[in-house]
Amino acid sequence: MAQIEICLDSDSRYLTPNIQAVCAAGVDSIELCSQMAQQGLWVGAEALAQARQACNSHTQLWVMLRPRAGNFIYSVTEQQQIQAQLQQAAQLGADGIVVGALTADAQPDMPFLTLLLQQCRQLGLACTFHRAFDACSNPANAVEQLLALGVQRILSNGTPWQQQQSITLGTRQLAALQQYIDCRLTLVAGGGVTLANLPQLQQTLYDNAQLCWHLHSAVLTEGKVDAAKLEQLQQCVAKPVNKQHGEADA
């Protein structure tokens, strides 16, 4: 069965109860970000410490390492900021980091990412490559490079990053990506997943432990995690899917 990840805003005044609600529901993981209007940035030490205290040991806590909005081409100074954020994430008890860095020609920044993954291994952190993946010029090559580095998960919604489109427009690309990955790492499918469109998305993607559904606002009511929406989400993911013939091979 697919996993579930809930993205939570560290700027929310409901951060602690939101994390507690997600953990109480037995959700697999939380991604913690700030400034969701900027597609998620680094959260800061105080919020991360608060989140770690509220999060139980059964729900993994992933933290976004992104020093600014915009593209994923980072200066030396910004790279040093990301490395410092990674160190702080480990010290404050994160289970994993969510990061992405590209070169000017839209390829994974291998020299910098190599340093980050070495740091992850030394500190015992897992690594997700975030939607910088959707800005890569050659997704298949990017998958192979990220696998070689030891990245465990890739976050994508199947559409070009800069176009800010819903995941419903990227399902065929996601299905092709999932088939190419072939369970060598976890595909985190996110960026517009809702309780309304999830059944449609499930018709296209293979339901297995190497797939993770990533949701944010879909489980909130007035900024608070809604237990009824979480339960609906879990029931939807647990329900067997009758795929339409040929859809999974798109």
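See above for the structure.
Remember, predicted model here, so these are calculated numbers, not experimental data.

Reading guide: rules and limits
Residues numbered from 1 in each chain as written. Predicted model: local features only at pLDDT ≥ 70, side-chain atom pairs only at ≥ 80, totals over all residues. Heavy atoms only, no water. Helix = DSSP H or I, 4+ residues; strand = E, 2+ residues; numbered from the N terminus. Rg over C-alpha atoms; globule rule 2.2 N^0.38 Å. Buried < 20%, exposed > 50% of the residue type's maximum accessible area, 1.4 Å probe, protein only. Contact = heavy atoms within 4.5 Å. Areas by Shrake-Rupley, 256 points an atom, 1.4 Å probe, with all protein chains shown as cover. Salt bridge = Lys/Arg side-chain N within 4 Å of Asp/Glu carboxyl O. Pairing = 2+ DSSP bridges. Axes fitted to C-alpha atoms, helices over the stretch in contact; angles between N-to-C directions. Polar contact = N/O pair within 3.5 Å; in protein donor to acceptor, adjacent residues only side chain to side chain. Left-handed = near helix turned anticlockwise from the far one by under 90°. Nonpolar A, V, L, I, M, F, W, Y, C, P; charged D, E, K, R; others polar. Phe/Tyr/Trp six-rings, centres within 6.5 Å; stacked < 30°, edge-to-face > 60°. Lys NZ or Arg CZ within 6 Å of the ring centre and 35° of its normal. Right-handed = clockwise from strand over helix to strand, strands pointing away.

A. Expanded view of the overall build of the chain. For the chain, the helix and strand inventory stands at eight helices and ten strands. For 250 residues, the compact-globule formula gives about 18 Å, and the C-alpha radius of gyration of the chain, at 17 Å, lands near that figure. With respect to the three principal axes, the spread of C-alpha positions in the chain is 50 × 40 × 30 Å. The buried share of the chain, taken over its 250 residues, is 50%. Of the contacts made within the chain by residues no fewer than 6 positions apart, 72% connect residues no fewer than 24 positions apart. Accessible area for the chain stands at about 10900 Å²; split by element, carbon and sulfur atoms hold 48% of it.

B. Up close: the pattern of salt bridges. Applying the stated criterion to the full structure yields five salt bridges. For D134, the salt bridge is made with R131, and the minimal N-O distance between the two is 2.6 Å. The two residues D134 and R131 agree in class, both being buried.

C. Spotlight on the sheet that holds strand 1 (residues 3-9). Taken in spatial order, the eight strands line up as 1-2-3-4-5-6-7-8 and close into a barrel, and their pairing is parallel. Each neighbouring strand pair of the sheet contributes to a mean axis angle of 25 degrees, computed without reference to strand direction. Note: strand 1 against strand 8 (residues 211-215), four bridges, orientation parallel. When the sheet's bridge partners are listed, Q3 is paired in strand 8 with C212. With respect to the sheet, helix 1 (residues 15-24) is in contact with strand 1 and strand 2 (29-33), its orientation differing from that of strand 1 by roughly 175 degrees. Helix 4 (residues 110-123) contacts strand 4 (96-99) and strand 5 (126-129) of the sheet and is inclined by roughly 150 degrees relative to strand 5.

D. A look at the side chain of T159. Mapped onto the elements of the fold, T159 is located in the loop between strand 6 (153-156) and helix 6 (171-181). What makes T159 buried here is its relative accessible area of 4%. There is a polar contact of 2.9 Å between the side chain of T159 and the side chain of N157. If we ignore the near neighbours within four places in the chain, the residues touching T159 are R131, D134, Q165, S166, L169 and G170.

E. Seen up close, the packing of helix 4 against helix 5 (residues 139-149). One can describe the packing of helix 4 onto helix 5 by two numbers: an axis separation of 10 Å at closest approach and a directional angle of 35 degrees. Once helix 4 is placed against helix 5, the crossing between them reads as right-handed. From helix 4, M110, L113, T114, L117 and R121 reach across to helix 5, where they touch Q145, L146 and L149. Counted by class, the contact of helix 4 with helix 5 contains five nonpolar, two polar and one charged residues.

F. Main features of the environment of Q122. Mapping Q122 onto the fold places it in helix 4. Judged by relative accessible area, Q122 falls into the exposed class, the value being 67%.

G. Geometry of the packing of aromatic side chains. Inspection of every chain in the model, using the stated rule, returns one aromatic pair. The ring of W62 has R153 lying over it, and the distance from NZ or CZ to the ring centre is 4.0 Å. Sitting over the face of the ring of Y180, R184 holds its NZ or CZ atom 5.4 Å from the ring centroid.

H. Just unusual backbone geometry, in detail. The phi torsion at Q35 lies on the positive side, around 50 degrees, for a residue other than glycine. One can find Q35 in the loop between strand 2 and helix 2 (45-54). Despite not being glycine, A106 has its phi angle at roughly 65 degrees, a positive value. Residue position: A106 is located in the loop between strand 4 and helix 4.

I. Expanded view of the pairing of strand 2. Within strand 2, five of the five residues are buried, which leaves it mostly tucked inside the rest of the structure. Of the pairings in the sheet, the one linking strand 1 to strand 2 comprises five bridges and is parallel in character. The residue of strand 2 that forms the bridge with E5 is S29. Here four bridges tie strand 2 to strand 3 (residues 60-64), and the two strands are oriented parallel to one another. Bridge assignment links I30 to a residue of strand 3, and that residue is L61. Chirality of the crossover, the property in question, places the unit of strand 2, helix 2 and strand 3 among those that are right-handed.

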